[in-house]
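Coordinates in review
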Amino acid sequence: VCTQWGYVGVQFADGSSAYLVFLLVPVALAALLLGTLPGTCMGLFAGAVLYLHAAIVPLDYFEITYVRLGTTVVSMTVFGLVMGVLLSLVLHSGRTGVRRALLVSLVCLVSSWVYSVGFVAGTDIAATISFQTFGEALVLIVFLLAALWLAERGLRKAGGAGLRDIFGARLATVVFVA
């Protein structure tokens, strides 16, 4: 898990800041491709790795100052749970095409907002939640829509295999290597 690029800070002229959290992408992918429980577990794992890294070998001021139990383990676990539940509802709704893409985008926006509120509430950062929410949502939308497209393409080729069967081993391998 890349903790140095896990949080990318953006500073604004008025002194406020926002953090784009790229570490949410694997959590969201696990929720999408594997389900609610694996998404929640991935959030717990990613948050724990970031928290332990910051506690044992902090790389920068941000890790020393702002990486806390609430901003990592708790927030990322809740994010994985919310993302998993909402994506499960979308995937089981029977919607396809543009409607599904719009619902996935809405899930990304809501989940990003939930994470951003939890992150800011756990720190004393004067953060711009709206930019952080929309920035993270945009990153998640790009990755999740690409993953959905690849998954649907793979399902057509697999002829009957489930999404979990196709991507479960691949994602587990990537997580293990990371």
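All values derive from a computational prediction rather than experimental measurement. (Residues numbered from 1 in each chain as written. Predicted model: local features only at pLDDT ≥ 70, side-chain atom pairs only at ≥ 80, totals over all residues. Heavy atoms only, no water.)

To continue, consider the confidence of the model for the protein chain. On average, residues of the protein chain carry a pLDDT of 81, and 73% of them reach 70 or more. Element-level mean pLDDT values for the protein chain span from 62 in helix 7 (residues 163-177) up to 93 in helix 4 (residues 70-91). (pLDDT = per-residue confidence, 0-100. Helix = DSSP H or I, 4+ residues; strand = E, 2+ residues; numbered from the N terminus.)

In this section: the packing of aromatic side chains. Scanning the model with the defined rule gives one aromatic pair in all. Relative to tyrosine 115, the ring of phenylalanine 79 has its centre 6.3 Å away and its plane inclined at 80 degrees; by these criteria the two rings are edge-to-face. Note that phenylalanine 79 is positioned in helix 4 and tyrosine 115 in helix 5 (residues 97-121), a separation of 36 residues in sequence. (Phe/Tyr/Trp six-rings, centres within 6.5 Å; stacked < 30°, edge-to-face > 60°.)

As for its placement among the helices and strands, leucine 102 is situated in helix 5. Judged by its relative accessible area of 57%, leucine 102 falls in the exposed class. (Buried < 20%, exposed > 50% of the residue type's maximum accessible area, 1.4 Å probe, protein only.)

Positionally, threonine 133 belongs in helix 6 (residues 129-158). Of the residues examined, threonine 133 reaches a relative accessible area of 5% and is grouped as buried. Setting aside its immediate chain neighbours within four residues, threonine 133 contacts Leu109, Ser112, Trp113 and Ser116. (Contact = heavy atoms within 4.5 Å.)

It is worth spelling out the nonpolar core at this point. Membership of the largest hydrophobic core comes to 35 residues, with the highest contact counts inside it found for Met76, Phe79, Met83, Leu87, Leu140 and Leu144. When residues of this core are traced back to their parent elements, those giving at least two are helix 1 (24-34), helix 2 (36-56), helix 4, helix 5 and helix 6. Top contributing element to this core by residue count: helix 1, with ten residues. Aside from chain neighbours lying at most four places away, what touches leucine 144 is Ala28, Leu29, Leu32, Met83, Leu87, Val104 and Cys108. (Core = buried A, V, L, I, M, F, W, Y, C linked by side-chain atoms within 4.5 Å.)

Turning our eyes to something else, we now look at the environment of valine 114. With respect to the element layout, valine 114 can be found in helix 5. With relative accessibility at 25%, the residue valine 114 sits in the partly exposed group. Residues valine 114 and valine 82, spaced 32 residues apart in sequence, show a C-alpha to C-alpha distance of 8.3 Å. The residues touching valine 114, leaving out its near neighbours within four places in the chain, are Val78 and Val82.

This brings us to helix 4. Owing to its 3.6 residues per turn, the α-helix aligns residues three or four sequence positions apart on the same side. With 22 residues, helix 4 ought to run about 32 Å at 1.5 Å a step, and its terminal C-alpha atoms sit 30 Å apart, in line with that. Buried residues of helix 4: Thr71, Thr72, Val73, Ser75, Met76, Thr77, Phe79, Gly80, Met83, Gly84, Leu87 and Val90, and no others. (Expected span 1.5 Å × (residues − 1).)

Okay, the packing of helix 1 against helix 4 next. The contact between helix 1 and helix 4 brings their axes to 8 Å, and the two run at 35 degrees. Helix-helix and strand crossings are classified by hand; for helix 1 and helix 4 the assignment is right-handed. Of helix 4, the residues touching helix 1 (which contributes Leu24, Val27, Ala28, Ala31 and Leu32) are Met76, Phe79, Gly80, Met83, Gly84, Leu87 and Leu91. Of the residues that constitute the contact of helix 1 with helix 4, the class distribution is ten nonpolar, two polar and no charged. (Axes fitted to C-alpha atoms, helices over the stretch in contact; angles between N-to-C directions. Left-handed = near helix turned anticlockwise from the far one by under 90°. Nonpolar A, V, L, I, M, F, W, Y, C, P; charged D, E, K, R; others polar.)

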